[in-house]
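# Breakdown of the fold
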Amino acid sequence: MVTQRTGNRGLSAVTAALVLSVTGTTASLFAYRRTVETLLRANAELLRRLDLVEEQRREAVRRADRVEYQRDHRNLVLTAVADPDLLPVLDAYERDLPPQVQKQYLFANTLYVHALHGYRVGLLNRGELLGHVRVLFQNPTMRAYWEATRHHRASLPYDSDEAELGRMTDDLLAELDDADTDEWWVVGDGGAED
């Protein structure tokens, strides 16, 4: 007598095929997901790098604009100094000054702004800037200019480079005035950073 087996074998084959199909599909989905996640991470890194490059480009443009602005400022001052009719336009002092003193103050301002600009564009670090200012203000005309323009600095934004340098210069001048030494070149190193 022949024994007949009922459909278990057929069902097992179908189930196995279905499990293999689902397993293969699941493995494919996981592989696809890993690929997508890898691409998203790579895309995020690429976007971060592009943002960094864009910020560097913007900073380069700001520096170039600053250099051009400084060049324009110098040319305007030179034009006013060369033309006696234009010199009074730059008279922003609280008292009347003779043209010769105005020219000296404009030149003093140009020297001071030159040092500030060197710091802003990274040619001078803070310690070098302080040293430069220390030398400039050994001159009595520079000190007179500084005093005559005190009200100009009062309107600067507190956190600007120029306001910071102004405070640093005020502190340095006070230290120089109070120093018990004739060695002015060593006075005021305490606040300088590289």
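Please read these numbers as outputs of a predicted model, since none were measured by experiment. (Residues numbered from 1 in each chain as written. Predicted model: local features only at pLDDT ≥ 70, side-chain atom pairs only at ≥ 80, totals over all residues. Heavy atoms only, no water.)

This part covers the overall build of the protein. Scanning the protein from N- to C-terminus turns up six helices and zero strands. In the protein, the succession of helices and strands from N to C terminus is α-α-α-α-α-α. For the protein, the residues scored as buried account for 22% of the 194 residues in total. Looking at the protein alone, contacts between residues at least 24 apart form 63% of all its contacts between residues at least 6 apart. (Helix = DSSP H or I, 4+ residues; strand = E, 2+ residues; numbered from the N terminus. Buried < 20%, exposed > 50% of the residue type's maximum accessible area, 1.4 Å probe, protein only. Contact = heavy atoms within 4.5 Å.)

Let's shift gears to helix H2 (residues 99-120). For H2, built from 22 residues, the straight-helix expectation of 32 Å at 1.5 Å per residue is met to within 8% by its first-to-last C-alpha distance of 31 Å. Looking one or two places after H2, you find Gly 122, whose phi comes out positive at around 90 degrees. (Expected span 1.5 Å × (residues − 1).)

Our next topic: the nonpolar core. Core analysis: the biggest nonpolar cluster contains 24 residues, and Tyr 112, Phe 137, Met 142, Tyr 145 and Leu 165 have the highest contact counts within it. Setting aside chain neighbours within four positions, we find Tyr 112 in contact with Leu 136, Phe 137, Met 142, Tyr 145, Trp 146, Glu 162, Leu 165, Gly 166 and Thr 169. (Core = buried A, V, L, I, M, F, W, Y, C linked by side-chain atoms within 4.5 Å.)

A few words on the packing of aromatic side chains. Summed over all chains, the structure comprises six aromatic pairs. With a centroid separation of 5.3 Å and 80 degrees between ring planes, the pair formed by Phe 137 and Trp 146 is classed as edge-to-face. By relative accessible area, which is 0% here, Phe 137 ends up buried. Three or more aromatic residues joined by ring pairs form one cluster here, namely Tyr 93, Tyr 105, Tyr 112, Phe 137, Tyr 145 and Trp 146. Directly above the ring of Trp 146 sits Arg 153, whose terminal nitrogen or CZ lies 3.4 Å from the centroid. Taking NZ or CZ as reference, Arg 167 lies 3.8 Å from the ring centre of Tyr 158, over its face. (Phe/Tyr/Trp six-rings, centres within 6.5 Å; stacked < 30°, edge-to-face > 60°. Lys NZ or Arg CZ within 6 Å of the ring centre and 35° of its normal.)

Moving on, we come to the packing of H2 against helix H4 (residues 140-148). Where H2 meets H4, the closest approach of the two axes is 9 Å, and the angle between their N-to-C directions is 90 degrees. Between H2 and H4, the interaxial angle falls into the category roughly perpendicular. Contact with H2, carried on its side by Gln 104, Tyr 105, Ala 108, Asn 109, Leu 111 and Tyr 112, involves Thr 141, Met 142, Ala 144, Tyr 145, Trp 146 and Ala 148 of H4 and no other residues of that element. Class assignment for the residues of the contact of H2 with H4 results in nine nonpolar, three polar and no charged. (Axes fitted to C-alpha atoms, helices over the stretch in contact; angles between N-to-C directions. Parallel < 35°, antiparallel > 145°, perpendicular 65-115°, else oblique. Nonpolar A, V, L, I, M, F, W, Y, C, P; charged D, E, K, R; others polar.)

Turning our eyes to something else, we now look at the confidence of the model for the protein. Any region with low pLDDT has predicted coordinates that should not be read closely. Per-residue confidence for the protein gives a mean pLDDT of 82; residues scoring 70 or more make up 82%. No element of the protein has a lower mean pLDDT than helix H1 (residues 8-82), at 81, and none a higher one than H4, at 94. (pLDDT = per-residue confidence, 0-100.)

Another point: the UniProt feature "coiled-coil region" (unreviewed entry) in the protein. The sites that carry the UniProt feature "coiled-coil region" (unreviewed entry) are, in the present numbering, residues 36-70. Structurally, residues 36-70 is divided into 100% helix and 0% strand, and its ends, taken at the C-alpha atoms, are 50 Å apart. (UniProt positions renumbered as here; feature names shortened; annotations may be inferred.)

A cluster of nonpolar side chains, namely Leu 46, Leu 47 and Leu 50, defines an oily patch on the protein surface of about 280 Å² accessible area. Within the element layout of this structure, Leu 47 appears in helix H1. For Leu 47, a relative accessible area of 45% puts it in the partly exposed group. (Patch = residues over 30% accessible without salt bridge, like charges linked within 9 Å, V, L, I, M, F, W, Y side chains within 5 Å. Areas by Shrake-Rupley, 256 points an atom, 1.4 Å probe, with all protein chains shown as cover. Salt bridge = Lys/Arg side-chain N within 4 Å of Asp/Glu carboxyl O.)

Here Thr 149 is to be found in the loop between H4 and helix H5 (150-153). One polar contact links the side chain of Thr 149 to the main-chain carbonyl oxygen of Tyr 145, over a distance of 2.9 Å. (Polar contact = N/O pair within 3.5 Å; in protein donor to acceptor, adjacent residues only side chain to side chain.)

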